[in-house]
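Examining the three-dimensional arrangement
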Amino acid sequence: MSIPKKRLGKMPAGEITDHKLYLNRRQFIKGTAAIATASLLQSSLVRAAETPEPTFTNLVTGNYSTQESSTPFDAVTTYNNFYEFGIDKASPAILAADFPDKIKPWRVTIDGECDKPGEYDYDDLIRPFTLEERIYRFRCVEGWSMVIPWVGFPLADLIKRAQPNSKAKFVQFTTLYDPQQMPGQRRAVLDWPYVEGLRMDEAMNPLTLLSVGLYGRELLGQNGAPIRLVVPWKYGFKSIKSIVNIRFVETLPRSAWMKAGPREYGFYSNVNPNVDHPRWSQSRERRIGELLKRKTELFNGYGDEVAHLYAGMDLKKYI
Ligand SMILES: Nc1nc2c(c(=O)[nH]1)N[C@H]1C(S)=C(S)[C@@H](COP(=O)(O)O)O[C@H]1N2
Ligand SMILES: [Mo]
């Protein structure tokens, strides 16, 4: 994710260097994350990495999985965007390594325009739902993509349980705000906490997942533990991490990225090769681990499932 220039101006120039020093001080990862990042485009190195054993049992094989080969576990867990843990790709794997173990129990509130609001411990929240494996393409607005075998359940299942009322037109999601645990929140890179939103029909679409794991294991901190959204036909920043609140609302939620750069990041943010970002083309993408770029597909290739949601909408206007 690129930082809007006006925000960059506020960031101390030492930010990245601080992280390097931090890396040197903390010997426990010994810089492997940084090395992995540097070598991500060299596919042979990526393939050599090991995939740990799955720990979830009885996962149902979900619908809609792509047949494409998954991006190696090492890349998925060391090349991350999670600004709460630093603005470069390597920092989240280092700084979020012991997150959210310190925040147990993890509480999620469900509120707003619904008949069954509630506050749940993470374990209670997910207990009623059947966990599936779903292998999805994932496209970041920055022009790279991955294929990730998520573990999760349809957001629609949770919404049905919460019973939204007729005023509920959108769903708003909020990430934990805890500058103590999330060092990135000590800097005004974004207007914290990170907020995202979906229109109700997008939220109810069977592709939309609440994810609690990947590669058959619980999410690591850097991927948004313990629970995050996955919306595979939208740019990656819609897939908000480490969620603590899900709220049914009447008016369109203003996301953290809309506030940071309203001209650049719209509410819909559907993957669309025909609509360029103001500062770069979106027509092609680099699949992490591959050398040659490939063409980006409209709705990230999920048009059969989601194009009807936008019938009659001008996708050049509703970015
Ligand atoms: N709370 C929060 N959620 C976030 C982000 C973030 O900085 N903070 N980054 C987003 C972006 S830009 C991307 S591309 C994806 C990256 O997810 P991954 O690191 O699990 O691949 O997370 C999204 N969710
Ligand atoms: Mo992204």
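So, here is what we can say about the structure in this document. (Residues numbered from 1 in each chain as written. Chains lettered and ligands numbered in written order. Predicted model: local features only at pLDDT ≥ 70, side-chain atom pairs only at ≥ 80, totals over all residues. Heavy atoms only, no water.)

Structural notes on the site of ligand 1
Ligand 1 sits among 18 residues. The nearest are Asn80, Tyr83, Glu84, Ser239 and Lys241. Contact between ligand 1 and Asn223: an oxygen atom at 3.0 Å from a side-chain N or O atom of the residue. A total of 530 Å² of accessible area belongs to ligand 1 in isolation, and the protein chains cover 99% of it. Its residues placed into classes, the shell around ligand 1 shows nine nonpolar, six polar and three charged. (Near = heavy atom within 4 Å. Polar contact = N/O pair within 3.5 Å; in protein donor to acceptor, adjacent residues only side chain to side chain. Areas by Shrake-Rupley, 256 points an atom, 1.4 Å probe, with all protein chains shown as cover. Nonpolar A, V, L, I, M, F, W, Y, C, P; charged D, E, K, R; others polar.)

Describing helix 8 (residues 155-162)
Regarding helix 8, the residues found buried are Leu155, Ala156, Leu158, Ile159 and Ala162. Down the axis of helix 8, the buried side of the element spans an arc of 160°, and every buried residue falls inside it. (Buried < 20%, exposed > 50% of the residue type's maximum accessible area, 1.4 Å probe, protein only. Helix = DSSP H or I, 4+ residues; strand = E, 2+ residues; numbered from the N terminus. Arc of directions from axis to C-beta.)

With respect to the pairing of strand 5 (residues 144-154)
Judged by how many residues are buried, strand 5 sits mostly within the fold: 11 of 11 residues are covered. Two strands pair when backbone bridges link them, and strand 4 (residues 132-139) and strand 5 are joined in this way by eight bridges, in the antiparallel orientation. Of the residues in strand 5, the one forming a bridge with Ile135 is Pro149. The antiparallel pairing of strand 4 with strand 5 creates a hairpin that spans four residues between the two strands, and Gly143 there sits at a positive phi of about 105°. One ladder, built from two bridges, connects strand 5 with strand 12 (residues 284-287); its direction is parallel. Paired with Trp144 across the strands is Arg286, a residue of strand 12. (Pairing = 2+ DSSP bridges.)

Examining unusual backbone geometry
In the segment running from Phe99 into Pro100, the intervening peptide bond is cis, with an omega of 5°. On the secondary structure map, Pro100 appears in the loop between helix 6 (91-95) and strand 2 (107-112). Cis geometry is found at the peptide bond from Lys104 to Pro105, where omega equals 0°. Of note in this structure, Tyr64 is not a glycine but carries a positive phi near 70°. Tracing the backbone through its elements, the reader meets Tyr64 in the loop between strand 1 (60-61) and helix 5 (73-76). Relative accessible area serves as the criterion here: at 31%, Tyr64 is assigned to the partly exposed category. One non-glycine residue, Tyr215, lies in the positive phi region at around 50°. Counting through the fold element by element, Tyr215 comes out in the loop between strand 8 (209-214) and strand 9 (217-218). For Tyr215, a relative accessible area of 15% puts it in the buried group.

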